[in-house]
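# Per-entry structural report
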Amino acid sequence: MDNQKAKVSSAMLAIVLMAGCASHPDPIIDTKGVDMVKYEKDLTECRQYQEQVSVTEGAAKGAAVGAAVGAVVGAISGDAERGAGYGGVSGATRSGIQNQRTKEQVLKNCIRQRGYRVLN
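The paragraphs below set out a description of the structure included in this document. (Residues numbered from 1 in each chain as written. Predicted model: local features only at pLDDT ≥ 70, side-chain atom pairs only at ≥ 80, totals over all residues. Heavy atoms only, no water.)

So, about the overall build of the protein chain. Helices and strands together make up the secondary structure of the protein chain, namely four helices and zero strands. Scanning the protein chain from its N terminus toward the C terminus, one meets helices and strands in the order α-α-α-α. Within the protein chain, the fraction of its 120 residues that count as buried is 34%. Restricting to contacts in the protein chain with at least 6 residues of sequence separation, those with at least 24 account for 79%. (Helix = DSSP H or I, 4+ residues; strand = E, 2+ residues; numbered from the N terminus. Buried < 20%, exposed > 50% of the residue type's maximum accessible area, 1.4 Å probe, protein only. Contact = heavy atoms within 4.5 Å.)

Summed over all chains, the structure comprises one aromatic pair. Ring geometry for Tyr39 and Tyr116: centres 5.0 Å apart, planes at 75°, overall edge-to-face. Here Tyr39 is found in helix 2 (residues 36–50), whereas its partner Tyr116 is found in the segment after helix 4 (80–113), with 77 residues between them in sequence. Each of the two residues, Tyr39 as well as Tyr116, counts as buried. (Phe/Tyr/Trp six-rings, centres within 6.5 Å; stacked < 30°, edge-to-face > 60°.)

In the structure shown here, the tally under the stated rule is seven salt bridges. For Asp42, the salt bridge is made with Lys38, and the minimal N-O distance between the two is 2.9 Å. Of this pair, Asp42 and Lys38 both sit in helix 2, four residues apart, roughly one helical turn. Among the residues examined, Asp42 registers a relative accessible area of 6% and is labelled buried. Between Arg114 and Glu45 there is a salt bridge; the shortest N-O distance is 2.5 Å. In this pair, Arg114 sits in the segment after helix 4 while Glu45 sits in helix 2, placing the two residues 69 residues apart along the sequence. Residue classification places Glu45 among the partly exposed residues on the basis of a relative accessible area of 26%. Among the charged side chains, a network of salt bridges with common partners joins Lys38, Lys41, Asp42, Glu45 and Arg114. (Salt bridge = Lys/Arg side-chain N within 4 Å of Asp/Glu carboxyl O.)

Before going further, it helps to examine the nonpolar core. Membership of the largest hydrophobic core is limited to nine residues, which are Ile29, Tyr39, Leu43, Cys46, Leu107, Cys110, Ile111, Tyr116 and Val118. Mapped by element, the contributors of at least two residues to this core are helix 2 and helix 4. Excluding residues that lie within four positions of it along the chain, Ile111 makes contacts with Pro27, Ile29, Tyr39, Asp42, Leu43, Cys46, Tyr116 and Val118. (Core = buried A, V, L, I, M, F, W, Y, C linked by side-chain atoms within 4.5 Å.)

Now for the environment of Gln52. Topologically, Gln52 is positioned in the loop between helix 2 and helix 3 (55–77). Its relative accessible area of 64% is what places Gln52 among the exposed residues. Taking the C-alpha atoms as reference points, Gln52 and Val106, separated by 54 residues in sequence, lie 9.4 Å from one another.

Here it is as structure tokens:
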């Protein structure tokens, strides 16, 4: 089972990295009439709020839940270990991607609340 855990951990790391690369994390704003020095300060402050969302922690929790569900399904089919592995990777993928989206939304919401017009 230790080999299985290593595979799941490696897959979770790859998924989190891919989720981060696949999206555009920064808001695109309408810069007409915007003081860019103030915007950069606001963006930096909003990023501090964004960092409160943990992508890896969410992926780990998703992997644990997915592994448990996968083990049950795998036990029915006769291979609980394989089912747990597939379930863990699947759970980590879903949770990692969802948490990355949440981080992006927190940043965009913060910028909007400071009066900027977010285009994406």
